[in-house]
Amino acid sequence: MMVWRNKIHGLGWVKPKSMLIVAFIMALCCHLCQAKTISDTIPVHAQQTATRTVEVNWTCQGEATLYRQYPDQENEVALVTTSSGHWIDHQSRAVCGDTVRYTVSAGNDHGHVAISVRDMDPTAMAEWGVVTMDPTLGKVTLEWMASPDTDIMGYLVCEGTPSIAIDTVYGRDNTHYVYNGEDVDVVHHFRICAFDSCRQASPLTDACNNIVLALHSEKCSQDVQIEWNAYMNMPSGIGSYELWCSENEAPFVMRQRITDITQTSTTVTVSDDCIKLRAYIVAVSADGVLQARSGSTEYLFGTDNRPAYLYLRKVSTSDDGKRVTVVGQTDPAFDGTDYKVYRIAHGSNAAVVGHCSPSTDGTLQWCDNGVDAANERYEYYFGVTDGCGRNEIYSGKGATLTPKLNMRGVCAEMEWNAYEGWDGSTSYQVLASAIGEDIWHQIATTTATSFVDNDANEGARKYKIVAYEAFNSTYHCDDSLQSNVILHRPHTDVWTPNAITPLENSNNYFLPLFSYVDAEGYSLYICNRKGQRLFYSTDPNKGWDGRCGGQLQPSGAYVYKITYRQNDGSEQQIVGTVLLIY
């Protein structure tokens, strides 16, 4: 029995115990349908013959005008002028027990009658469409066919047994409802009740329900038992059930079509490597027009026989690029000990390159020695077989940082691949150090994957990139990792004067100019035509002033030899002549 919560004829929805009162009021309204004459100057009689239909009769000589007035109108409205003494009034507005006043006027004679007019037809009920799960909203939605009555004001959405009104949908053609209950994995029974402009309610529809799936499997079994509740009151009946499944996040495919509509369970066999199965069921109407879908239900295989989590924390490279350290984290409660380390290199397929066991806190660590991470990008991940010996569970992947260095004038431009092992954001520090030193200095922090060092002309330098895991990463390990070291040895360009004038105000020295010079390994040697050494220095900032032992040398040509170290470490020499002019 339904508990009403809206209004009937302005009295309010009443509980079943109050139905006797309603019956009494309705009987009284029926009695008032036989109207009484207010004035008998012209005898007038009115009788309701159908919903919104009143037959009015009067007796007078000649033509008379018939007027009508509703309670909410200030003035009478003329309906017709006729000598027939008869009129059938088809009212265009809803009347719900309203008193309607009719007046007949012929010259100086008048007649009046008042009649209580009510809605005599029962409210026509709505009919079901479907109750289905909207996968986009994640909500159960209801669809039904509009009541054929033209004065329907709306619908009550009812749930449960006995039915309780849970919401009101206004508008005759508004036949869609989203159920906002959170327990979508529970079977709910819904009914719809239409109500008209007189607040008269229709009978309830039969119950219609959502479909809920349940998935079960024995330990280490590949067979999954799927059960669901029968769908009720599908228009035209149910033609079949369709079972749709997805393994390991693959797209859903239809696995079975079940035409025995009394069947509410089935079994599917999954593949060997299936870790997660998702499924939903669709009830299809016999005419193929309507579909009622369940929500998607998920089943994880052997969750007690696999680690609750396995992820790659970082892939870090040694300075020389010959060793890569791979660090991961796994569930320490899992009793597996043989974790495989996979590597992808040279564009080839993944290959197992090592094995490791977790520490007591679940940390995994393995070193890949003898690699060339300075010139090759390597990608790594962990894998472990579940306790059933059937499926292998994999971590995410991480790759080495491989910075590259390009010279643009006196600037060193660096770029590197983004680290992809963390699911949060990543920031980078650029560290620099003089070649031959072990003290590193931070010269930049960036979220980009490139940097330009405008001070590269200061001398030979080395760089490396350090990546930092941001706080928004899922596992919050606050890890960091580094790239290999890249070297910047500026190319040495030498400019030498071809003449000097020691006694003038300028151009007094023979001093080579360098774009870059390494003081170590530098020397300048000058001799005369006889091969006698006149000047020698290992200081790149000291030049020859045309003297030897404090004495100016005669004007003429002199031979110089410059020795320096190039950026590849090789010794270089330049030999030439310079004129001494007075």
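Thresholds applied
- Residues numbered from 1 in each chain as written.
- Predicted model: local features only at pLDDT ≥ 70, side-chain atom pairs only at ≥ 80, totals over all residues.
- Heavy atoms only, no water.
- Helix = DSSP H or I, 4+ residues; strand = E, 2+ residues; numbered from the N terminus.
- Rg over C-alpha atoms; globule rule 2.2 N^0.38 Å.
- Contact = heavy atoms within 4.5 Å.
- Areas by Shrake-Rupley, 256 points an atom, 1.4 Å probe, with all protein chains shown as cover.
- Lys, Arg positive; Asp, Glu negative; His and termini not counted.
- Charge placed at Lys NZ, Arg CZ, Asp CG, Glu CD.
- Salt bridge = Lys/Arg side-chain N within 4 Å of Asp/Glu carboxyl O.
- Buried < 20%, exposed > 50% of the residue type's maximum accessible area, 1.4 Å probe, protein only.
- Disulfide = S-S within 2.5 Å.
- Pairing = 2+ DSSP bridges.
- Axes fitted to C-alpha atoms, helices over the stretch in contact; angles between N-to-C directions.

> How should I be thinking about the overall build of the chain in this particular structure?
Assigned secondary structure in the chain consists of one helix and 48 strands. Since a compact globule built from 582 residues should have a radius of gyration of about 25 Å, the 48 Å found for the chain marks it as more spread out than a globular shape. Taking contacts inside the chain between residues at least 6 apart in sequence as the whole, the part at least 24 apart equals 57%. As displayed, the chain offers around 29,400 Å² of accessible surface, 49% of which is attributable to carbon and sulfur atoms. Considering the chain, the positive charge centre built from 43 side chains and the negative charge centre built from 68 side chains are found 7 Å apart.

> Can you help me understand the pattern of salt bridges in this one?
Two side chains that carry opposite charge are able to pair once their charged atoms sit near each other. This model, assessed by the stated rule, comprises 17 salt bridges. A salt bridge links E242 to R257, with the shortest nitrogen-to-oxygen separation between them at 3.1 Å. Taken together, the residues span a long stretch of sequence, with E242 in strand β18 (residues 238-247) and R257 in strand β19 (residues 253-258) at a distance of 15 residues. Here E242 falls in the buried class, since its relative accessible area comes to 10%. E249 is the partner of R278 in a salt bridge, and the nearest nitrogen-oxygen pair spans 3.5 Å. Of the two residues, R278 is situated in strand β21 (residues 276-285) and E249 in the loop between β18 and β19; the sequence distance between them amounts to 29 residues. We classify E249 as partly exposed; its relative accessible area is 48%.

> Honestly, the state of the cysteines in this entry has me stumped. Any pointers?
As used in these notes, a disulfide is a covalent bond between sulfur atoms, one from each of two cysteines. Throughout the structure, instances matching the rule amount to two disulfides. One disulfide in the model links C96 with C198; its S-S distance is 1.8 Å. Of note, the bridge from C96 to C198 carries an S-S torsion of about -80 degrees and is left-handed in sense. Of this pair, C96 sits in the loop between β6 (86-90) and β7 (98-106) while C198 sits in the loop between β14 (189-196) and β15 (208-209), and the two are 102 residues apart along the sequence. Looking at C198, the relative accessible area reads 3%, which means it is buried.

> I would appreciate a short explanation of the pairing of strand β47 (residues 556-565) in the present structure.
A regular strand places its side chains so that they alternate between the two faces of the sheet. Taken together, the five bridges between strand β43 (residues 523-527) and β47 define a ladder with antiparallel strand orientation. The residue of β47 that forms the bridge with L524 is I562. As judged from the ten bridges shared by β47 and strand β48 (residues 571-580), these two strands associate in the antiparallel manner. Each bridged residue has a counterpart across the sheet, and for I562 the counterpart in β48 is I574.

> Where do I start with the sheet that holds strand β9 (residues 127-134) in this structure?
Backbone-to-backbone hydrogen bonds join strands into a sheet, with any given pair of strands oriented parallel or antiparallel. As summarised here, the arrangement of the three strands in space is β9-β10-β13, forming an open sheet in which the pairing is antiparallel. The sheet terminates laterally at β9 and β13 (176-179), the two strands that pair on one side only. Across the sheet, the axes of successive neighbouring strands diverge by a mean angle of 20 degrees, strand direction being ignored.

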